[in-house]
Amino acid sequence: MRTQVGIIGAGPAGLLLSHLLHLRGISSVVLEKRSRDYVERRVRAGVLEQGTVDTLVEAGVGERMLREGLPHHGIELRYGGAGHRIPFEKLVPGRAITVYGQQEVVKDLIAARLAAGGDVRFEVEDVAVHGLDPASGSGPYLTFGGERLDCDVIAGCDGFHGVSRPSIPEGVLSIFEREYPFAWLGILAKVAPSSEELIYTRTERGFALHSMRSPTVSRFYLQVPADAREEDWPDERIWAELKVRLESVPGFTLATGEIMEKGVTPMRAFVTEPMQYGRLYLAGDAAHIVPPTGAKGLNLAVADVRVLTEALAAYFADGSTALLDGYSEACLKRVWRAQHFSWWMTTLLHTFEDDDPYARRLQLSYLDYVTSSEAAATTLAENYVGLP
Ligand code: FAS
Ligand code: PHB
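This one's a predicted model, so the numbers in the text were calculated from it and none came from an experiment.

Engineer: When you look at the overall build of the chain in this model, what are you seeing that I'm missing?
Structural biologist: The secondary structure content of the chain amounts to 12 helices and 19 strands. For 388 residues, the compact-globule estimate of 2.2 N^0.38 gives 21 Å, and the chain sits close to it at 21 Å. Expressed along its principal axes, the backbone C-alpha trace of the chain runs to roughly 65 × 40 × 40 Å. In the chain, which comprises 388 residues, the share counted as buried stands at 55%.

Here it is, written out as structure tokens:
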């Protein structure tokens, strides 16, 4: 078999890349190790930047998102017994975020690819990358389940635990990473949101986030110890802790309901430089991870794919490699901005056990500044809705 672009992974990065390439008349094959049902049910991110919304709409896959997504024109920072709204409409007029579950984006993209006759293969086993070294003479190709797919280019969209990044020879990549001393327990609950807003809460007991997926489904996150396991958190304990942390302002009552899904996500930051080797290009979580406090993970994947699509379109149009050669540099500028913003939001709002009293006062002073200075609040707002 041969295709122009062999794509490993049917997450947001791989599926969007396949769709955008199709719109440019470029063929691809997507190889996914999990089942379609699994990837369509996997609950993860929920916040789409303005740029991501625009990309999906321009690519003709935004219709259901526009119908069912929840536009948000601000967020609330809650700490010290009070709530403070960060008003996007005032600070960054015309730009907002849309709450629309990542699994919904994945469903929309899979539907679009299959409707267009796209070649997306699920439950593919043992994908391996070959021929990256020009000296091999074979050109790049993928093997899987006893088959071989010859490609002009390979896109590694297989997430943090994928096979593409490890297929790059030792010594080529520089890795930058940070492990945080806590994790997030994510909860999906069949209960109406208790507020219109996303509420980021800092308390001495730890961080909590109130988000949502629809008028009847809420999404919550709790800062938990780095080694926490789901079984440590029965539903009663989850609701009790969410109440303590979120009901920290007068008049706010947290509605509870049936918990449909819970999962622990480690809090880590990771960047690989460069994001390419030979004719292999890494996009999304295969290349970088951010702590989800800044809601950047999914949006960075989309941004990488936009850059890669333009580079591949130029390459297949007339063989020019300038954009492909500059792929990493073009992506990493935005990646590092998102890394910093995600680190900034995480350190601003989480409780660090080894923080001394002085550090905690600094944190509270910074929160006072962000919620009282228009300049400081604009810094948060323009990064949160996504830089152009
Ligand atoms: P993905 O990991 O989504 O997709 C990679 C795909 O490749 C997967 O379908 C995988 O099955 C497949 N794959 C892996 N190895 C393979 C192989 N060897 N062969 C074939 N296929 C292979 N971001 C936020 O902004 N907010 C959040 O709240 C948030 N929560 C998260 C919770 C969890 C548990 C995780 C893991 C991530 C979370 N993220 C969050 C980040 C997340 O949304 C990612 O940024 C986003 O999924 C990136 O998309 P992809 O790069 O496509 O990677
Ligand atoms: C979510 O709704 O899943 C969500 C919202 C904001 C974040 C992270 C996740 O910062």
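There's more to say after this.
Engineer: Teacher, can you tell me more about the site of ligand 1 here?
Structural biologist: Around ligand 1 there are 29 residues in total, and E32, R42, R44, Q102 and D285 lie nearest to it. For ligand 1, an oxygen atom lies 2.8 Å from a polar atom in the side chain of R44. Relative to its unbound accessible area of 980 Å², ligand 1 is 87% covered by the protein chains. For the shell around ligand 1, the secondary-structure elements that each account for two or more residues are α1 (12-23) and α8 (297-318).

Engineer: Please clarify how the site of ligand 2 should be interpreted in this entry.
Structural biologist: In the vicinity of ligand 2 lie 16 residues, with Y200, S211, R213, Y221 and P292 positioned nearest. Within the backbone of G46, an N or O atom sits 3.4 Å from an oxygen atom of ligand 2. Here an oxygen atom of ligand 2 sits 2.6 Å away from a polar atom, N or O, in the side chain of Y221. Among the elements of the structure, β13 (198-203), β14 (206-214) and β15 (217-225) are those that each provide at least two residues to the shell around ligand 2.

Engineer: Looking at this model, I keep getting lost on the UniProt feature "domain: FAD-binding" (unreviewed entry) in the chain. Mind explaining?
Structural biologist: Per the UniProt record, "domain: FAD-binding" (unreviewed entry) is annotated on residues 2-341. Spanning residues 2-341, this segment combines 31% helix with 34% strand, and its end C-alpha atoms are found 41 Å apart.

Engineer: Sorry if this is basic, but what is going on with unusual backbone geometry here?
Structural biologist: When glycine is set aside, most residues are seen to have a negative phi, and most peptide bonds are trans. Following E273, the chain continues into P274 via a peptide bond in cis, with omega recorded as -10°. Along the polypeptide, P274 turns up in the loop between β16 (258-273) and β17 (276-277). Non-glycine residue E123 carries a positive phi angle of around 55°. With respect to the element layout, E123 can be found in the loop between β8 (119-121) and β9 (128-130). Of the residues examined, E123 reaches a relative accessible area of 57% and is grouped as exposed. For A295, which is not glycine, the phi dihedral falls at a positive 55°. Structurally, A295 can be placed in the loop between β19 (288-289) and α8.

Engineer: What am I meant to see in the nonpolar core here?
Structural biologist: With 65 residues, the main nonpolar core has L17 and L142 as its most contacted residues. Residue contributions to this core peak at 9 residues, all from α8. Counting residues in each nonpolar core, the second largest holds 37 residues, with Y79, V99, W184 and F352 among its members.

Engineer: Is there a simple way to explain the sheet that holds strand β3 (residues 47-48) in this structure?
Structural biologist: Pairing between the strands of a sheet is mediated by backbone hydrogen bonds and can be parallel or antiparallel. What the 3 strands build is an open sheet, ordered β3-β7-β4; its pairing is antiparallel. Because the sheet does not close on itself, it has two edges, and the strands there are β3 and β4 (70-72). In the sheet, β3 pairs with strand β7 (residues 97-99) via 2 bridges, with the strands oriented antiparallel. For L48, the partnering residue across the bridge sits in β7 and is T98.

Engineer: Before we go on, may I ask you to explain the side chain of Q223 in this structure?
Structural biologist: Checked against the element boundaries, Q223 lands in strand β15. Polar contacts involving the side chain of Q223 include one to the main-chain carbonyl oxygen of T351, which spans 2.8 Å.

Rules used in this analysis
- Residues numbered from 1 in each chain as written.
- Chains lettered and ligands numbered in written order.
- Predicted model: local features only at pLDDT ≥ 70, side-chain atom pairs only at ≥ 80, totals over all residues.
- Heavy atoms only, no water.
- Helix = DSSP H or I, 4+ residues; strand = E, 2+ residues; numbered from the N terminus.
- Rg over C-alpha atoms; globule rule 2.2 N^0.38 Å.
- Buried < 20%, exposed > 50% of the residue type's maximum accessible area, 1.4 Å probe, protein only.
- Near = heavy atom within 4 Å.
- Polar contact = N/O pair within 3.5 Å; in protein donor to acceptor, adjacent residues only side chain to side chain.
- Areas by Shrake-Rupley, 256 points an atom, 1.4 Å probe, with all protein chains shown as cover.
- UniProt positions renumbered as here; feature names shortened; annotations may be inferred.
- Core = buried A, V, L, I, M, F, W, Y, C linked by side-chain atoms within 4.5 Å.
- Pairing = 2+ DSSP bridges.

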